[in-house]
Amino acid sequence: MKLDSKVPSGPIEERWDKHRFAMKLVNPANKRKFKVLVVGSGLGGGAAAATLAELGYDVHCFCVQDSPRRAHSIAAQGGINAAKNYQNDGDSVYRLFYDTVKGGDFRSRESNVYRLAQVSVNIIDQCVAQGVPFAREYGGLLANRSFGGAQVSRTFYARGQTGQQLLLGAYSALNRMIDAGKVKMHTRTEMLDLVLVDGHARGIITRDLVTGEIKRWAADAVCLASGGYGNVFYLSTNAKNSNVTAAFRAYKRGAGFANPCYTQIHPTCIPVSGGFQSKLTLMSESLRNDGRVWVPRDKSKATADPTTIPEEERYYYLEERYPSFGNLVPRDVASRAAKKVCDEGYGVAKHEVDGQRNAVYLDFAHAIKRDGEDAIRDRYGNLFDMYERITGESPYKTPMRIYPAVHYTMGGLWVDYNLMSNVPGLHVLGEANFSDHGANRLGASALMQGLADGYFVIPYTIGNYLATEHQGPVTEDHAAFDEAEKEVRAKTQKLLSLSGKTPVDEFHRKLGKIMWDYCGMARNEEGLKKALELIPELRKQFWAEATVPGKADELNPWLEYAGRVADFMEFAEMMCRDALERDESCGGHFREEHQTEEGEAVRNDEDYAHAAVWEYQGDDKPPTLHKEPMKFEYVKLTTRSYK
């Protein structure tokens, strides 16, 4: 496997402009001759499909939902970062770049991150032009708020529904192209394989989730924007449909998978309430602007009414441990701190779950007293309403109970500076790629990356591929499509032949517990080795004891779910292998063997300042590890400090 990052030379602030000029172009008349397949319709995929179609390409867009506007991007709440410096508080493109590299614990590629910071300023203008209703100050200017990992206000927002509003903006642009006949939208359609011709990505195999029809799609390039793999943990903030299948099938066709052990633990989620819960609910990080995090200093008051606990008996642990950033430390730091106080017995809850009280308070009493309830309702009203509907408690009257949960994934398919994987023609956008967030994503940067990739990067870079490396026309009659479709049908029949007595969901739940226990917020060598013993055993049980009812040629949600869980079973093993190999702590990857006395992560830059890229070698062989060194020319490698 060849890992050529294709990063341009020269001063970092000039690299993207220099690269755009150096890339080859496809003239407008010739763009109409090229077909591009976009898998995913969230912010990355929807923006890419709309923009590429506007340029003249023949675009087909695929999503598993019944509408592009149901993509999981809609669930993002708190905001989107951009280095506009509207607050005149010292922000700049360089500061956003610096905060992102530092927040990712120095495990991301500098050039990609700097480009992300550069184009962030264009994203806001694009979205405003689309009519996205960002919050505004009294005078009409766009408002900003703070987010974790930064000491400036650079996050643009639309109350607690920023992802929804941004997705509707991209959806409107996409619909315009659908109406113009330039995008063919394929809803309720799942990618089940990537087709390679002479080593280039030239198409996909899909299944219609309503009729069961398996179909071939040939194209000149493929854009994969299928999101992250957080649902490998079963309980996460992800939509239940979110899965790793599209990316994992591309990995099995030769695309390198980078840093699979990097997962984001979000510190402000509604805690687990019982053993049969199917997912977790996110409470936006924006709440940490006004909410103060604490636990009682007296462990005996864990179940007491929090409003009766006096101020002097409250342990504001983030403010005490990190006075410079306080409640706005990055997500990995805040999550570990919450776990630490709960492990020490300070956790709070109405009742225990599995013998533990895993929650801390997020309190708005001070903010309500300072600014008034109406002001807090304007900022967070829909989030407070959501919390009350789920828990039966009003955050206006009593503190929220929160605890960390799996949220975003920083690992993904390896891509170069052009967002192309090591498989020529396969471009990967948004959360599905690895490039921008290192070992920990800063809040409000997911929406930024998805739109940057879709609106401002891929329209340039895909043209360069088509102008310089394209191999000529290919049709669905090619033998490679025959072979790929044959393999897809064989796997479908293998799943349908499962006639045990255990529902697939039960295996997913067990896998999630293994992953959370041994590869979750904290990992260690013994636990990871244990997981690498348990996962193959569970996978063996799955193929022997699971049941998948129904037929292939019909609406069959059990079949589609079984295929995704089967992929999670294999992917989980690679995650644990990657976590075991990375014998250091960095960002969200916290190896218990490598920490300070205060519980902070200890990196090993000499041995692990690289992206770990895994190459598939077959079902019966372990994957091969390749390394792309992460070079830091503009941000000095230092121990992260938020004190």
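What you see is a predicted model; the values in this text were computed from it and never measured.

Looking now at the pairing of strand 9 (residues 221-224). Burial along strand 9 is two-sided: the face carrying Ala221 and Cys223 and the face carrying Val222 and Leu224 are both buried. Sheet topology note: the strand 1 (residues 35-39)/strand 9 ladder contains four bridges and is parallel. Paired with valine 38 across the two strands is cysteine 223, which belongs to strand 9. With three bridges connecting them, strand 9 and strand 17 (residues 426-428) associate as parallel partners. Residue pairing across strands places valine 222 opposite leucine 426, the latter belonging to strand 17.

The subject of this paragraph is the nonpolar core. By size, the foremost hydrophobic cluster in this structure holds 146 residues, and its most contacted members are Ile80, Leu224, Tyr317, Leu426, Met515 and Phe542. In terms of residues, this core owes the most to one element, helix 16 (residues 557-581), which gives twelve residues. Split by domain, the residues of this core number at least three in each of domain 1 (266-405) and domain 2 (480-609). Those residues in contact with leucine 224 that sit more than four places away from it in its chain are Val39, Met191, Ala246, Ala247, Ala250, Leu413, Leu426, His427, Val428, Leu429 and Ala432. Ala53, Ala221, Met420 and Leu466 belong to the second-largest nonpolar core, a separate cluster that totals 24 residues.

What follows concerns the packing of aromatic side chains. Enumeration according to the criterion identifies 28 aromatic pairs in this entry. Seen in terms of ring centroids, phenylalanine 62 and tryptophan 217 are 5.2 Å apart; in terms of plane orientation they differ by 70 degrees. Their pairing is edge-to-face. Of this pair, phenylalanine 62 sits in strand 2 (residues 58-62) while tryptophan 217 sits in strand 8 (residues 214-218), and the two are 155 residues apart along the sequence. When sorted by exposure, phenylalanine 62 lands in the same class as tryptophan 217, which is buried. Both rings, one in phenylalanine 507 and one in phenylalanine 542, keep their centres 5.6 Å apart while their planes meet at 90 degrees; by these two values the pair is edge-to-face. A residue pair is termed long-range when its members are at least 10 positions apart, and phenylalanine 507 in helix 14 (residues 504-519) and phenylalanine 542 in helix 15 (residues 525-545) qualify at 35 residues. Residue class for phenylalanine 507 comes out buried when judged on its relative accessible area of 1%. One aromatic cluster is present, formed by Tyr229, Phe248, Tyr251, Phe257, Phe571 and Tyr616 through successive ring pairs. Over the face of the ring belonging to tryptophan 16 we find arginine 115, whose NZ or CZ atom lies 4.8 Å from the ring centre. Between the NZ or CZ atom of lysine 494 and the centre of the ring of tryptophan 543, over which it lies, the distance is 4.3 Å.

Turning our eyes to something else, we now look at unusual backbone geometry. The residue arginine 188 is not glycine, and still its phi comes out positive at about 50 degrees. Mapping arginine 188 onto the fold places it in the loop between strand 5 (183-186) and strand 6 (189-197). On the basis of relative accessible area, arginine 188 is assigned to the partly exposed category, the value being 28%. A positive phi is found at alanine 444, a non-glycine position, where the angle reads about 70 degrees. Looking at the element boundaries, alanine 444 is found in the loop between strand 17 and helix 12 (446-468).

Turning to the domain arrangement of the protein chain, a few remarks are in order. Accessible area lost during the coming together of the parts is what is often quoted as the interface size. Entries for the protein chain in the domain assignment read domain 1 (266-405) and domain 2 (480-609). Computed from C-alpha coordinates alone, the two centres of domain 1 and domain 2 are separated by 30 Å. With twelve residues of domain 1 in contact, the opposing surface of domain 2 contributes eleven residues. Between domain 1 and domain 2, roughly 860 Å² of surface is buried when both sides are summed, and carbon and sulfur atoms account for 55% of that area. Taken together, domain 1 and domain 2 are joined by one salt bridge. Between arginine 321 and glutamate 600 there is a salt bridge; the shortest N-O distance is 3.3 Å. Residue assignment for the side of domain 1 that touches domain 2 shows that the elements contributing at least two residues are helix 9 (331-343) and strand 15 (400-409). Considering every element that reaches the side of domain 1 that touches domain 2, the biggest residue donor is helix 9, with five residues. Of the residues in the side of domain 1 that touches domain 2, the class split is four nonpolar, three polar and five charged.

For the rest of this paragraph, the subject is the environment of glutamate 633. By the element assignment, glutamate 633 lies in the segment after strand 21 (624-629). On the basis of relative accessibility, which here comes to 56%, the residue glutamate 633 falls in the exposed class. Along the sequence, glutamate 633 and proline 11 sit 622 residues apart, while their C-alpha atoms lie 10.0 Å from each other. Setting aside anything within four residues of it in sequence, one finds glutamate 633 in contact with Arg15 and Glu110.

Quick look at helix 7 (residues 245-252) now. Counting buried residues along helix 7, seven of its eight residues qualify, which places the element largely inside the surrounding structure. Within helix 7 the residues assigned to the buried category are Thr245, Ala246, Ala247, Phe248, Arg249, Ala250 and Tyr251. Positive backbone phi, at 115 degrees, marks glycine 254, one or two positions downstream of helix 7.

For the coordinates displayed, the defined rule picks out 54 salt bridges. With its nearest N and O atoms 3.2 Å apart, the salt bridge here joins aspartate 371 to arginine 379. Aspartate 371 sits in the partly exposed class, given a relative accessible area of 31%. Residue classification places arginine 379 among the partly exposed positions, given a relative accessible area of 26%. One salt bridge in this structure joins aspartate 605 and arginine 603, with 2.8 Å as the shortest N-O distance. Classification of arginine 603 by relative accessible area gives buried; the value is 15%. Salt bridges here are not isolated pairs; linked through shared partners, they connect Asp105, Arg107, Asp332, Arg336, Arg582, Glu584, Arg603, Asp605 and Arg640.

Criteria and thresholds
- Residues numbered from 1 in each chain as written.
- Predicted model: local features only at pLDDT ≥ 70, side-chain atom pairs only at ≥ 80, totals over all residues.
- Heavy atoms only, no water.
- Buried < 20%, exposed > 50% of the residue type's maximum accessible area, 1.4 Å probe, protein only.
- Helix = DSSP H or I, 4+ residues; strand = E, 2+ residues; numbered from the N terminus.
- Pairing = 2+ DSSP bridges.
- Core = buried A, V, L, I, M, F, W, Y, C linked by side-chain atoms within 4.5 Å.
- Domains from an automatic or database assignment.
- Contact = heavy atoms within 4.5 Å.
- Phe/Tyr/Trp six-rings, centres within 6.5 Å; stacked < 30°, edge-to-face > 60°.
- Lys NZ or Arg CZ within 6 Å of the ring centre and 35° of its normal.
- Buried area = accessible area lost by both parts, 1.4 Å probe.
- Salt bridge = Lys/Arg side-chain N within 4 Å of Asp/Glu carboxyl O.
- Nonpolar A, V, L, I, M, F, W, Y, C, P; charged D, E, K, R; others polar.

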